[in-house]
Amino acid sequence: MRVPFRRPALGSPLQLLLLACSFALAGYAGARLLADDWFGVALWFVGAAVLHDLVLVPLYAGADRALARVLGSAGHREWTGYVRVPALLSGLLLLVWFPLIGGQVADRYRSATTLSGEGFLSRWLLVTAALFGGSAVLPVLRSLRLRRVRKERPSAVH
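Residues numbered from 1 in each chain as written. Predicted model: local features only at pLDDT ≥ 70, side-chain atom pairs only at ≥ 80, totals over all residues. Heavy atoms only, no water.

We now examine the environment of Gly134. By secondary structure assignment, the location of Gly134 is in helix α5 (residues 120–152). Judged by relative accessible area, Gly134 falls into the partly exposed class, the value being 35%. Placed 122 residues apart in sequence, Gly134 and Ser12 show a C-alpha to C-alpha distance of 37 Å. (Helix = DSSP H or I, 4+ residues; strand = E, 2+ residues; numbered from the N terminus. Buried < 20%, exposed > 50% of the residue type's maximum accessible area, 1.4 Å probe, protein only.)

Taken together, Val46, Val50, Leu51, Leu54, Val55, Leu56, Leu59 and Tyr60 make up a surface patch of nonpolar side chains, about 750 Å² in accessible area. Relative accessible area serves as the criterion here: at 43%, Val50 is assigned to the partly exposed category. (Patch = residues over 30% accessible without salt bridge, like charges linked within 9 Å, V, L, I, M, F, W, Y side chains within 5 Å. Areas by Shrake-Rupley, 256 points an atom, 1.4 Å probe, with all protein chains shown as cover. Salt bridge = Lys/Arg side-chain N within 4 Å of Asp/Glu carboxyl O.)

Here we take up the confidence of the model for the protein. Mean pLDDT for the protein: 87, with 92% of residues reaching 70 or above. No element of the protein has a lower mean pLDDT than helix α4 (residues 106–113), which averages 86, and none a higher one than helix α3 (residues 80–101), which averages 92. (pLDDT = per-residue confidence, 0-100.)

Take the side chain of Thr80 next. Counting through the fold element by element, Thr80 comes out in helix α3. Overall, Thr80 belongs to the buried group, its relative accessible area being 4%. At 2.6 Å, the side chain of Thr80 forms a polar contact with the backbone oxygen of Arg77. What Thr80 contacts, discounting residues up to four positions off in sequence, is Asp64, Leu67, Ala68 and Leu71. (Polar contact = N/O pair within 3.5 Å; in protein donor to acceptor, adjacent residues only side chain to side chain. Contact = heavy atoms within 4.5 Å.)

This is how it looks when you write it as structure tokens:
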């Protein structure tokens, strides 16, 4: 049986233009980044990849497995996502803002922006608490909504 040839889905011309522009920008940034200290940048990328793959992946895979085991033994394995998402977002914020959260570059931040470098730790903790708090409210609201839907549904006539 002969399978007809299908054209690959390329997207709209606007999507292709945006993709080409993003590749051009990434190429320009890469050329500028590698122009001065290409060996240091390459060493940093290799070190980051090794650190991520050999240290961080086993750590957060083990933490996720432990979380799933604890919630599974409590009978609420479906709540795992309600912990994963805020932990991921909080970790991403920590990764991006770590030098300021740790207070390591507060003086440089002040000299570059004339803003205080203080308070990043407390704001990150507040955002993390809000993420986990909102995530804790969601399953409660979901169970209340399901309970209300069950009450409104008429029972089957037998």
